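Take a look at the letters that make up each chain.
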Amino acid sequence: MDFLTLIQVLDSTIRLATPLLLACLAGLFSERAGIFDIGLEGKMLAAAFFSAAIAAVTGNVWLGLLAGIAASLVLSALHGLASITFRGNQLISGLAVTMLAQGFTVLVAQSWFKQGGRTPALDMDARFGPITFPFADSVADVPVIGPIYSELLSGHSILVYLAFAAVPASWWILYRTRFGLRLRAVGENPAAVDTAGISVVGLRFAAVAICGVLCGIAGAYLATSLQANFVKDMTAGRGYIALAALIFAKWRPWHAMGACLLFGLLQAVAIRFQNIELGGITIPVQMMDALPYILTVVILAGFVGKAIPPKAGGEPYVKER
Amino acid sequence: MDKMPKWADVVLIPLISLILAAAISALVILAIGEDPVEAVKLMVDGALGSTYGWGYTLYYATNFLFTGLAVSVAFHARMFNIGGEGQAMLGGLGAALVCLYIPWPHWTMALLGASLGAAIFGAAWAAIPAYLQAKRGSHIVITTIMFNFIAAAVLNYVLVNLLRPKGSMDPATARFSETVHLPTLHEMLAPLGIAFNKAGPANVSFLVAIAACVAIWLLIWHTKLGFEIRAFGKSEQGALYAGISPFKITMIAMLISGGLAGMMAINNVMGEAERLVLNATEGAGFIGIAVALMGRSHPFGVFLSAILFGFLYQGGAELALWTKIPREMIVVIQALVILFTGALDNMVRMPLEKIFIALRRVKA
């Protein structure tokens, strides 16, 4: 493999890791506050559809992004209503949210655009186009540094940079602000937070809302930047890979970035090489597809360090007891 | 003291949830610009109005009976087996291998063998998450989700690289031989003088599914093991105190659950397609969750809701054929049923409980 191929693979790693990273950070906020969310997939899907649809109708990708975030927030609110207000089963709620999105997106797409459940292809100016760094073209010919700067780092859409900027931001919010401390506390010991006079319900809704916004951006990225329209089930399990990455990262922001880059790399390699020859053994492409899930099961099984979820995760908080 | 009489819990709450789901679905149909009343008529006519419709409705219902029972058994042990889809996929592989490589003299023996093969493969696929839950504390929901994706990759590999006949582009196995053909309802009812449409894929495995319902009912409420499963589901601490091994119950409940999900293959793989294709399960594993929630994890409830979902599936296909309402409408209905009967259960339950308590006060 030559240097340029390497750069190209890493470049597509960044593109493919972006939706995973946004969804993973979304799950991080929700689960750190004690609300399990297996509905990341559904929220991304809803956001992907509404961002592509609104961007196609208005020609303005920013309006599309807002619509995507709004759609994702509606599903977040539903998840919050079920799992916080009515103290229902968070896993069942997450599943219902995903199914709802899987059905509704195609349903609305079909009756709105009548193109077999997809949205019209977006023009270049109705998408998030690449941002070229200063001097990217002029240094492109410089060996080693040139391609890294102009191919790998420059030329992504603004949402990619936003996703990677969200990592330190999330870390700062969670570990260096009062809100973050309370959010983590509510996921570990909600009774203590309640005793301190802070609203458990309010904090959890805030966390679920942040999760909705991030999933919204992830979905919008899929449909308006990575691809140029919405197609049925276009998230293709990314919400679950993000969930896997979250466990892999043991619910920590910087590790989440590492995990998402790793899983993005697996996807990029699988797309580019199909079957891989490694010392006489052929690794089938299906193995690359399954690897994130297998790795997560191994991590969950505690063979490589123990993944301990937030203590109060999945448990609805009942005040009187 | 119970807050509500039992009939309210078993009948009223699912019914109200269903009505809520139906009302929202009607609004959605209105928004598309179709008439909900017409749509219901079309669905009833298409799914139940002819033996052709029944042939499909019962075929789908058979799938959902197996997956619904699978989810129910795990629910009784307070486990959420979201991996029915993957277990059913592997079950398909088990059934296909049995049908392809063993020269069965008669379909009855083949059915027995395929049931066994499908159940063993499905159970094996559930065994790993069960073991990890029981011994290593890995959350079974997450591991079974992961196993769904791994199953899809495994099946893809096996069909593309191993079982695909030479020269075929289609990622599917060869056709099973004629001797393992399961009699359809048409073939079973013809000797009795009952005319049943030829086209419907419903077959003898519908009867196997009903037998499974009875067997699970006996198991859960009339055996020591069933008692242990329910006790474990009600309170792990209590079960431990009573000398019930959590490891044993977790494993057994999940093995039964996975086996049932796998057994779906005798219907869709052996009974209908007569070969193993990619994505043979078509989401039936997930519908099992809706069926189990709706049926309150009771075999009879599962039976009723499996028929209901069979009706929705066949009716939905008819809708997609004759109106502007796409097939995905069923996915929406299914999601709404899961939402109302599962996640928003308390939304219906809390006001009802208040009403019943108020009624009791009036009486007293």
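Remember, it's a predicted structure, so these values are computed and weren't measured experimentally. (Residues numbered from 1 in each chain as written. Chains lettered and ligands numbered in written order. Predicted model: local features only at pLDDT ≥ 70, side-chain atom pairs only at ≥ 80, totals over all residues.)

1. With respect to the overall build of chain A
Okay, step 1: In terms of helices and strands, chain A carries 12 helices and 4 strands.
Okay, step 2: For 321 residues, the compact-globule estimate of 2.2 N^0.38 gives 20 Å, and the C-alpha radius of gyration of chain A, at 20 Å, lies within 12% of that figure.
Okay, step 3: Its C-alpha atoms put chain A at 65 × 50 × 40 Å along the principal axes.
Okay, step 4: Residues counted as buried form 54% of the 321 residues belonging to chain A. (Helix = DSSP H or I, 4+ residues; strand = E, 2+ residues; numbered from the N terminus. Rg over C-alpha atoms; globule rule 2.2 N^0.38 Å. Buried ≥ 20, exposed ≤ 12 C-beta atoms within 10 Å, placed from the backbone.)

2. Regarding the packing of helix α3 (residues 61-85) of chain A against helix α9 (residues 200-226) of chain A
Residue and element names in this part refer to chain A.
Okay, step 1: Where α3 contacts α9, the two axes come as close as 7 Å, and the packing angle between them is 140°. Read as a crossing pair, α3 and α9 show a hand that is right-handed.
Okay, step 2: Grouping the constituent residues of the contact of α3 with α9 by class yields 16 nonpolar, 10 polar and 1 charged. (Axes fitted to C-alpha atoms, helices over the stretch in contact; angles between N-to-C directions. Left-handed = near helix turned anticlockwise from the far one by under 90°. Nonpolar A, V, L, I, M, F, W, Y, C, P; charged D, E, K, R; others polar.)

3. Observations regarding the environment of Met 254 of chain B
Residues and elements named next belong to chain B.
Okay, step 1: Following the sequence through the fold, Met 254 ends up in helix α11 (residues 246-263).
Okay, step 2: Among the residues examined, Met 254 registers 30 C-beta atoms within 10 Å and is labelled buried.
Okay, step 3: Here Met 254 is in contact with Ala 74, Met 79, Asn 81, Ala 126, Ala 127, Pro 129 and Ala 130, once residues within four sequence places are set aside. (Contact = placed C-beta atoms within 7 Å.)

4. Concerning the interface of chain A and chain B
Okay, step 1: Opposite the 37 residues of chain A that make contact, chain B presents 34 residues.
Okay, step 2: Going through the elements one at a time, α3, α4 (90-113), α10 (238-248) and α12 (285-300) of chain A are the ones with two or more residues in the side of chain A that touches chain B.
Okay, step 3: By residue class, the composition of the side of chain A that touches chain B is 22 nonpolar, 13 polar and 2 charged.

5. Quick look at unusual backbone geometry
Okay, step 1: Its identity as a non-glycine residue notwithstanding, Asp 233 of chain A has a phi of 50°, on the positive side.
Okay, step 2: In this fold, Asp 233 of chain A is placed in the loop between α9 and α10.
Okay, step 3: One non-glycine residue, Ser 297 of chain B, lies in the positive phi region at around 60°.
Okay, step 4: Summarising the element assignment, Ser 297 of chain B is placed in the loop between α13 (284-294) and α14 (299-322).
Okay, step 5: Note on Ser 297 of chain B: 21 C-beta atoms within 10 Å, which makes it buried.

6. Things to note about α12 of chain A
Okay, step 1: Its 16 residues place the ends of α12 of chain A 24 Å apart at the C-alpha level, agreeing with the 22 Å of an ideal helix rising 1.5 Å per residue.
Okay, step 2: The principal kink in α12 of chain A, of about 45°, is found at Leu 291 of chain A, preceding the proline Pro 292 of chain A by one to four residues.
Okay, step 3: Elements in contact with the buried residues of α12 of chain A: α10, α11 (253-273) and β4 (281-283) of chain A together with α5 (107-136) and α6 (140-163) of chain B. (Expected span 1.5 Å × (residues − 1). Bend = angle between axes of the 7 residues up to and from the residue.)

7. Section: the packing of helix α9 (residues 224-234) of chain B against α11 of chain B
Residue and element names in this part refer to chain B.
Okay, step 1: Close contact between α9 and α11 brings their axes to 10 Å; oriented N to C, the two are set at 105°. The angle between the axes of α9 and α11 places the two elements in the roughly perpendicular class. Residues Leu 225, Glu 228, Ile 229 and Phe 232 of α9 lie in contact with α11, whose contacting residues are Pro 246, Ile 249, Ile 252 and Ala 253.
Okay, step 2: Residue classes in the contact of α9 with α11 are distributed as 7 nonpolar, no polar and 1 charged. (Parallel < 35°, antiparallel > 145°, perpendicular 65-115°, else oblique.)

8. A few points about the environment of Thr 62 of chain B
All names here are of chain B.
Okay, step 1: By the element assignment, Thr 62 lies in helix α3 (residues 51-76).
Okay, step 2: Along the backbone, Thr 62 and Ala 124 are 62 residues apart, and their C-alpha atoms lie at a distance of 22 Å.
Okay, step 3: Excluding anything up to four places from it in sequence, Thr 62 contacts Ala 202, Ser 205, Phe 206, Ala 209 and Asn 267.

Scope: geometric values only; no functional claims are made or implied.
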